[in-house]
Amino acid sequence: MEVVDDGMWNRVPMAPGPIDRKYFEAASQGKLIIQKCRRCENTQFPPKMLCVSCGEEPDWVETSGEGKIYTFTVVRRHGVEPFSTLVPFVLAMIDIPEGARFMGNITEIDIETVHVGQKVEAYSLRIDETMALPLWRPIQSS
Amino acid sequence: MSREPVIVGIGLSDYPKAPHLDSFMHIAQATQRALEDCGLELEDIDGFACASMPTEPELHVEAVEHLGLSPRWLNTTYTGGSAAQFQIPDAVAAIREGRAETILFAYGSDFLTRHGRTLGTGGLSIDSGLSGPLLYEQPYGSTIATCYALAATHHMATYGTLPEQLAEIAVGVREFAGLNPKAMYREPLTVEDVLASPMIADPLHLLDCCVVSDGGAAFILTTEERGRDLKQHPIHVLGAAGANSHWHIHSMPDFSTTAGTISSQDAYRQAGLQPEDIDTIQFYDSFTITALLLLEDHGFCAKGEGGGFIEDGHLRKGGSLPMNTDGGSLSSCHSGMRGTMLITEAVRQLRGHGGDAQVPDCELALAAGCGGLLSYIGTTILGKDRR
Ligand SMILES: [Zn+2]
């Protein structure tokens, strides 16, 4: 997935622990990853130190970075910067076929036509030299 | 000697604005009023149930000290706004088993005075950097209101529920608020008013969201035997259960269904009752969608049919199932966690003390709390008499 660097990360200070950090580091390398257990094949997101199904240390797998909007809202009022200046913006839950559900913003979209079931693809927004935040946008029909 | 659990005293502290009280004094004032209501003394209390908000994490232990209690039974289970509903099952068992004779439930908060009105649309204040599960929500501008909006959109897309139907919930609750002299907002509302109020997060308008207020509530649970010679008609706890499905919204399994499907079935089974037996419901109405999901998940209509059920006017004054007869959190009082107030209002109705808002022939009431982000659902069924 594309990594966009607008050079002005101002959303929230990010201080992930070592497991979470892997997810945001992968995003900065253009990869949307989730955990999959080598023993019991359980997939889990958000990532955790252990597979909660069997206790094994899980592997990471790269996903296609494509999914569908499960549900969404258009945020019109927000009490905290920078979100108060970004309104209106789309906040959605996105399901991917590999078996995970993400919260994310959908950008480059008409807020009047955004709908449940819409196909979207991940891209990421640079946080710092090593991390990026996955975001989503409609899949351009080819 | 019957040790069946009964609620004998209820009290509310000053609301919706009470700058002269801090959270502990809300608890103390509500407690004094509940004791006065039933004729018990502070010395009679040997059990205490109280939950602390993350903003005041030691509220429960400090409240014990402020009140001068020495409880031999204590429950401080925190599940957000349903905490009282999650504490009642153990309190009921403690009364039956003799682990406690008289249990005080109390909650209070100076939420409006302390934090102002940004509760629903504010993010967290993060000084040292974000970590843990909120890494996957906060950077996207997630707020309490957006979490509930995600559920509302899902219900609308799945079942065709309309904004007008959600608005009707706010209109009906406001009608009851008009009958409560202390309610924060009392002017009558129309569906058009709700739809014309500013959009907060689609499809939730400002008037789909609860108020932010100060306030507290207390109630006292004891044995049927002890309750017999007190000042008020004792109200029986017939069923009480809780269930959960997640904590953060990103882990909610189905955005249109809560764990109320489980807690309600447990409570109905204990009580030997069905939804059609219930005369009034006191529901957590943090947002209009909260009440709609609780309505369906407690079996008052089928999943997906809540919108039509509401439109038919069942929840209104004079309807078959009047809801939130004190004006709820949508119009009257919401000071952070409202589960205790759901019980005090159900008891007021079952005593026949509802005044202009009294539900006719009210013998059975169901209270449902919702904690977190549609996460922890608790159900309590109360009866005017033992069954
Ligand atoms: Zn495993």
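Just so we're clear, the structure is a prediction, and the values are computed from it rather than from any experiment.

(A) Seen up close, the domain arrangement of chain B. Residue and element names in this part refer to chain B. Assigned domains within chain B: domain 1 (5-116 + 214-236) and domain 2 (141-211 + 240-383). Domain 1 and domain 2 are separated by 23 Å when their C-alpha centres are compared. With 38 residues of domain 1 at the interface, the matching set in domain 2 holds 40 residues. Across the domain 1/domain 2 interface, buried area totals approximately 2,900 Å², and carbon plus sulfur atoms make up 72% of it. Our count for the domain 1 to domain 2 interface comes out at one salt bridge. At the junction of domain 1 and domain 2, the tally comes to eleven residue pairs in polar contact (both at pLDDT 80 or more). For the side of domain 1 that touches domain 2, the secondary-structure elements that each account for two or more residues are strand E1 (5-12), helix H3 (83-97), strand E4 (102-109), helix H4 (111-115), strand E7 (215-223) and strand E8 (235-244). If one sorts the elements of the side of domain 1 that touches domain 2 by residue count, E1 sits on top with six residues. Split by residue class, the side of domain 1 that touches domain 2 holds 21 nonpolar, 14 polar and three charged.

(B) Here's a closer look at the side chain of histidine 155 of chain B. Residues and elements named next belong to chain B. Tracing the chain through its elements places histidine 155 in helix H5 (residues 144-159). Of the residues examined, histidine 155 reaches a relative accessible area of 0% and is grouped as buried. Among the polar contacts made by the side chain of histidine 155, one reaches the side chain of threonine 161 at a distance of 2.7 Å.

(C) A look at the environment of glutamine 274 of chain B. By the element assignment, glutamine 274 of chain B lies in the loop between helix H9 (260-271) and strand E9 (280-283). Between the alpha carbons of glutamine 274 of chain B and glycine 299 of chain B there is a distance of 8.5 Å; along the sequence they are 25 residues apart.

(D) Layout of the packing of H3 of chain B against helix H13 (residues 339-351) of chain B. Residue and element names in this part refer to chain B. One can describe the packing of H3 onto H13 by two numbers: an axis separation of 6 Å at closest approach and a directional angle of 70 degrees. In this view, H3 runs roughly perpendicular relative to H13, as classed from their interaxial angle. Here Ala84, Gln85 and Ile88 of H3 come into contact with H13, specifically with Gly339, Thr340, Leu342 and Ile343. Classifying every residue of the contact of H3 with H13 gives four nonpolar, three polar and no charged.

Scoring rules and cut-offs
- Residues numbered from 1 in each chain as written.
- Chains lettered and ligands numbered in written order.
- Predicted model: local features only at pLDDT ≥ 70, side-chain atom pairs only at ≥ 80, totals over all residues.
- Heavy atoms only, no water.
- Domains from an automatic or database assignment.
- Contact = heavy atoms within 4.5 Å.
- Buried area = accessible area lost by both parts, 1.4 Å probe.
- Salt bridge = Lys/Arg side-chain N within 4 Å of Asp/Glu carboxyl O.
- Polar contact = N/O pair within 3.5 Å; in protein donor to acceptor, adjacent residues only side chain to side chain.
- Helix = DSSP H or I, 4+ residues; strand = E, 2+ residues; numbered from the N terminus.
- Nonpolar A, V, L, I, M, F, W, Y, C, P; charged D, E, K, R; others polar.
- Buried < 20%, exposed > 50% of the residue type's maximum accessible area, 1.4 Å probe, protein only.
- Axes fitted to C-alpha atoms, helices over the stretch in contact; angles between N-to-C directions.
- Parallel < 35°, antiparallel > 145°, perpendicular 65-115°, else oblique.

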